[in-house]
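# Reading the structure
What follows is each chain in one-letter form.
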Amino acid sequence: MEADLVFDEMWADGTSIRRPYKNIKTWLDAEERNSLKAKRQDANDLFRLTGITFNVYGSEEGEERLIPFDIVPRVITANEWNKICKGLEQRVRAINAFLYDIYHDQEIVKAGVLPLEMLRNNPAFLLQMIGVNPPGQIYTHISGVDLIRTDENEFYVLEDNVRTPSGVSYMLENRETMLQMFPELFTKNRVQPIQNYPQELLYSLKKTLPDTAEDKPNVCLLTPGPYNSAYFEHAFLADQMGIELVQGNDLKVVDGFLAMRTTQGHQKVDVVYKRLDDEFLDPLNFNEKSSLGVPGLFDVYRKGRVTIANAPGTGIADDKAMYSFMPEIVEFYSGEFPLLQNVPTWRCAIKDQLNYVLDNIHELVIKQVHGSGGYGMMIGPTATKKDIANFKRKLIATPQDYIAQPTLSLSTVPIFTNKGFAPRHVDLRPFVQMSPEKINIVPGGLTRVAMSKGSLVVNSSQGGGTKDTWVLEN
Amino acid sequence: MLGNTANGLFWTYRLLERAENMSRLIETGQRIALTRLNSSDKQWLYVMQTAAVSSEYKKYYNKVEKEAALDWMLKHPENNSSILSSITSARQNAKMVRHALTTDVWEAINGSFLDIQNLLKGKIRERDLSIILRTIKQSAALVRGATYGTMLRNEEYDFCRLGTFIERADNTARILDVKYYVLLPSAKAVGTSIDNVQWETILRSVSAYGGFRLEYGHEAGPSDIAKFLILDKRMPRSLIYCCEILKLHLLSLCSTYGNKPASFSQIMQLQNRFLTHDIEAIFKFGLHDFLQKMISLFADLSEQIEIDYRFYE
């Protein structure tokens, strides 16, 4: 990828500072490098103390790592943000309508917009959800839509995370850290607050109650437990929302309702904020080997006696193969052109497209359809000969497992390195809350940043870092 | 409140108390080793006996040596009651009930864990001991202060305190029981000043050396030590003090939940039957038998609390 094609959010064309970054530039120019280094160390100590770490899978037991945090904020103007919000709302509403449709009448298949094979051969299409009516007809209570920016005006959707989107605690704690370390920045810049996210989420979940809920609905967060990589976030959100943090063995189906074991016996649960993969939710209805879930939970759900957020089976909508149909899906349900663009995507399952991918593999990003977190992915321009040969073999053997995309030039934002400031590629994950009443989008999101020079991999499991994300007031 | 959360809080505080008690025992051992001319490494065996970690120690070491004993009590991975093991499990429990703790308490526990883990990395030299023990003591004070100052006085707080005081009662009873015979009235004549290494060890192990002399004077004898650590309500590590605090929090749970489960009758019985007499009656009953009885009653109480408040399925 050539450097002059990359859009830098601070420098744009490389000669003049973009307006929203003027104050940031002034601030950084005035700071001593050593004092920023000390501040960066402070930030790390603060993260360690608060316990904002993630557990690394497959590493030594109990190893906890910090996600690298960069002190230079990423800035988005109110106008840019409003545009993004409109696009997100349109997309999330369409995804929710899509989920209802495919688990009921499948009008989109009947209309010939989506081939039936996309559902039939897809493990993410949850047969158990067919005909089930989630409370309030909401499937996607929370979506984390990954956006990338390519120039002054273009934002693309890279991925729709609607199963169990994570990372919101980093969005919140990054802001807390910046507030503590550089309070003066927030008096000089009018940054829209994000601190209400947990309360707004609780409000949103309480607007999506099952009919059986009574006056004081009981909401809890279901976690796989302290060894899960995102456990810190689960505990953090439960704490901030003031709800119980439960594991499978705290819950039980009692007299046809879901209940949690309190110090005074079992008490009915109305809403489960689920941070567990569908597969492990209920050993009677899904993976029978799961010890993390609750036997019979899905039966209670089917009867409409509990809300599960997000609904089981939403994974079909953020499946990488389904992604390529998203423009059609948005248009089909909203009756409008999509406001946020998709990255062009080749479906390797289709022969012509596979051939194109094989011929142009050096310029493409190859992604495994069911993978996540940057695993099972290959970036053509930076891949070794061995990687390429390896992926070619995989593509020919199981083409339906892969999609390919051009290597888009993700925008860059400066980070503070030991050698001074340097541009690094970023993406943005805003969090969208949905209830029958409204769509709510907290002004901000998680900016993930590829910490090494030229890298496009922002995933924290692959060494990516984060930044505070500012949406300015108008 | 979840039964599991009650469980997590109870054990977080039990284990923190355990780590603190262990550090106090080590400090006592070290102090006596340095200030007594005729002390030998054998002294450490007694310290480990008091901490109830000596029989496991013997499985890993052939003889009692200061360095090995310190390593065993501070950080040996096979010792479940080592300071590092206790504080690691305490922090793991706290992590699981993070949402039931205030930010101040969580950060105090997590920060203490990080500091202590860091101090206990690598080989421990004797000269590092004082900074290690001081850090542990300060950490314990920090967690206690954060708990006292920021936790709501609700059921969560009750379970934290129950954990602390069950562990403390057990600890005090064990310290007394390991050397119960030096406390019997027949063991010495009245009027000798407290210049007995055994007594000093006992008193220092519960941070009561100065307090005891202040309150009971130089004339006091060994039976006064027993009285002080069993029946003196002013002493925050005495059995009766622990019992009072346990009663207070069990009663508070009764009033929160509007019921009186078995654990409450147990603490009432424990106090009425065993802590309403004077020290002479206890000697008559048999000090060793009495302490054994107390240890087993506190263990029963702990189990009953687990059952009454549904810690487990």
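Residues numbered from 1 in each chain as written. Chains lettered and ligands numbered in written order. Predicted model: local features only at pLDDT ≥ 70, side-chain atom pairs only at ≥ 80, totals over all residues. Heavy atoms only, no water.

### Quick notes on the pattern of salt bridges
The final tally for this structure, using the stated rule, is 40 salt bridges over all chains. For the salt bridge of Lys-63 of chain B with Glu-65 of chain B, the shortest nitrogen-to-oxygen distance reads 3.8 Å. Of the residues examined, Glu-65 of chain B reaches a relative accessible area of 36% and is grouped as partly exposed. By sharing partners, the salt bridges in this structure join Arg-18, Glu-80, Arg-149 and Glu-152 of chain A into a single network. (Salt bridge = Lys/Arg side-chain N within 4 Å of Asp/Glu carboxyl O. Buried < 20%, exposed > 50% of the residue type's maximum accessible area, 1.4 Å probe, protein only.)

### Considerations on the domain arrangement of chain B
Bring the parts together and some accessible area is lost; that lost area is often taken as the interface size. Residues and elements named next belong to chain B. If you check the domain split of chain B, you get domain 1 (1–151) and domain 2 (152–313). Every contact between the two is made by 30 residues of domain 1 and, on the other side, 37 residues of domain 2. Ranking the residues of domain 1 by area buried against domain 2 places Phe-10, Tyr-46 and Met-151 at the top, with a combined share of 22%. Seen at the junction of domain 1 and domain 2, the total is 4 salt bridges. On inspection of domain 1 and its partner domain 2, the count reaches 10 residue pairs in polar contact (both at pLDDT 80 or more). For the side of domain 1 that touches domain 2, the elements supplying multiple residues, two or more each, are helix H1 (3–35), helix H2 (42–50) and helix H7 (129–150). Counting residues per element, the side of domain 1 that touches domain 2 draws most heavily on H1, at 17 residues. (Domains from an automatic or database assignment. Contact = heavy atoms within 4.5 Å. Buried area = accessible area lost by both parts, 1.4 Å probe. Polar contact = N/O pair within 3.5 Å; in protein donor to acceptor, adjacent residues only side chain to side chain. Helix = DSSP H or I, 4+ residues; strand = E, 2+ residues; numbered from the N terminus.)

### A look at the sheet that holds strand E7 (residues 244–246) of chain A
Residue and element names in this part refer to chain A. The parallel open sheet is built from 4 strands, whose spatial order is E7-E6-E11-E12. The open sheet has two free edges, formed respectively by E7 and strand E12 (307–309), since each of these has just one partner strand. Going across the sheet, the axis of each strand differs from the next one's by a mean of 25 degrees, ignoring polarity. Alignment of strand E11 (residues 271–274) against E12, held across 3 bridges, turns out to be parallel. The residue of E12 that forms the bridge with Tyr-273 is Ala-309. (Pairing = 2+ DSSP bridges. Axes fitted to C-alpha atoms, helices over the stretch in contact; angles between N-to-C directions.)

### Section: the nonpolar core
Among the nonpolar cores identified, the biggest contains 103 residues, and Ile-26, Met-73, Phe-159, Ile-230, Leu-239 and Leu-275 of chain B are the most heavily contacted of them. If you count residues domain by domain, this core takes at least three from each of domain 1 (1–151) and domain 2 (152–313) of chain B. Leaving out residues up to four positions away in the same chain, Phe-159 of chain B has contacts with Thr-263 of chain A together with Met-1, Ala-6, Leu-9, Phe-10, Leu-253, Tyr-257, Ile-305, Tyr-309 and Phe-311 of chain B. Counting residues in hydrophobic clusters, the runner-up holds 56 residues, among them Val-72, Phe-182, Leu-446 and Val-449 of chain A. (Core = buried A, V, L, I, M, F, W, Y, C linked by side-chain atoms within 4.5 Å.)

### A word on the sheet that holds strand E14 (residues 346–347) of chain A
Residues and elements named next belong to chain A. Taken in spatial order, the 4 strands line up as E14-E17-E15-E16 in an open sheet, and their pairing is antiparallel. Edge positions in the open sheet fall to E14 and strand E16 (377–379), since each of these has one partner strand only. With 2 bridges connecting them, E14 and strand E17 (residues 402–406) associate as antiparallel partners. The partner of Arg-347 across the bridge, within E17, is Ile-403.

### Re the side chain of Asp-146 of chain A
Residues and elements named next belong to chain A. Locating Asp-146 in the fold gives a position in strand E4 (residues 142–149). Since its relative accessible area comes to 2%, Asp-146 is described here as buried. Those residues in contact with Asp-146, other than ones at most four positions away along the chain, are Tyr-156, Val-157, Leu-158, Glu-159, Asn-161, Asp-427, Leu-428, Arg-429 and Arg-448.

### So, the packing of aromatic side chains
All names here are of chain B. Here the structure, examined in full by the defined rule, presents 29 aromatic pairs over all chains. Aromatic side chains Phe-10 and Trp-11 sit 5.9 Å apart centroid to centroid with 80 degrees between the ring planes, which places their arrangement in the edge-to-face category. Judged by its relative accessible area of 0%, Phe-10 is buried. Measuring from centroid to centroid gives 5.9 Å for Phe-159 and Phe-311, while their planes differ by 65 degrees, and the two rings are edge-to-face. Placement of Phe-159 in helix H8 (residues 155–178) and of Phe-311 in the segment after helix H15 (287–308) is noted, with a sequence separation of 152 residues between them. For the residue pair Phe-159 and Phe-311, the accessibility class agrees, reading buried in each case. (Phe/Tyr/Trp six-rings, centres within 6.5 Å; stacked < 30°, edge-to-face > 60°.)

### A closer look at the confidence of the model for chain B
Per-residue confidence for chain B gives a mean pLDDT of 91; residues scoring 70 or more make up 96%. Confidence, read as mean pLDDT per element, is least for helix H9 (residues 197–205) of chain B in chain B (81) and greatest for helix H12 (residues 239–257) of chain B (98). (pLDDT = per-residue confidence, 0-100.)

### Quick notes on the interface of chain A and chain B
Facing the 27 residues of chain A at the interface are 28 residues of chain B. Here chain A and chain B share an interface that buries about 2300 Å² over both sides, 46% of which is from carbon and sulfur atoms. When residues of chain A are sorted by the area they lose upon contact with chain B, Arg-261, Thr-263 and Gln-264 of chain A head the list and together hold 30% of the total. Between chain A and chain B we count 1 salt bridge in total.

### A few points about the pairing of strand E9 (residues 257–262) of chain A
Residue and element names in this part refer to chain A. Most of E9 sits inside the fold, with 5 of its 6 residues counted as buried. Sheet analysis places strand E8 (residues 251–254) next to E9, joined by 4 bridges and oriented antiparallel. Looking at the pairing, Leu-251 lines up with Met-260 of E9. Counted along the chain from E8 to the antiparallel partner E9, the turn is 2 residues long, and its residue Asp-255 has a positive phi close to 50 degrees. Bridge analysis of E9 against strand E10 (residues 265–268) gives 4 bridges, and the strand direction is antiparallel. Looking at E10, one finds that Thr-262 is bridged to Gly-265. In sequence, E9 turns back onto E10 through a hairpin of 2 residues.

### Remarks on the environment of Ser-460 of chain A
Residues and elements named next belong to chain A. Tracing the backbone through its elements, the reader meets Ser-460 in the loop between strand E22 (446–449) and strand E23 (465–471). The class for Ser-460 is partly exposed, based on a relative accessible area of 30%. Separated by 293 residues in sequence, Ser-460 and Gly-167 have C-alpha atoms that sit 9.8 Å apart. The residues touching Ser-460, leaving out its near neighbours within four places in the chain, are Phe-54 and Ile-67.

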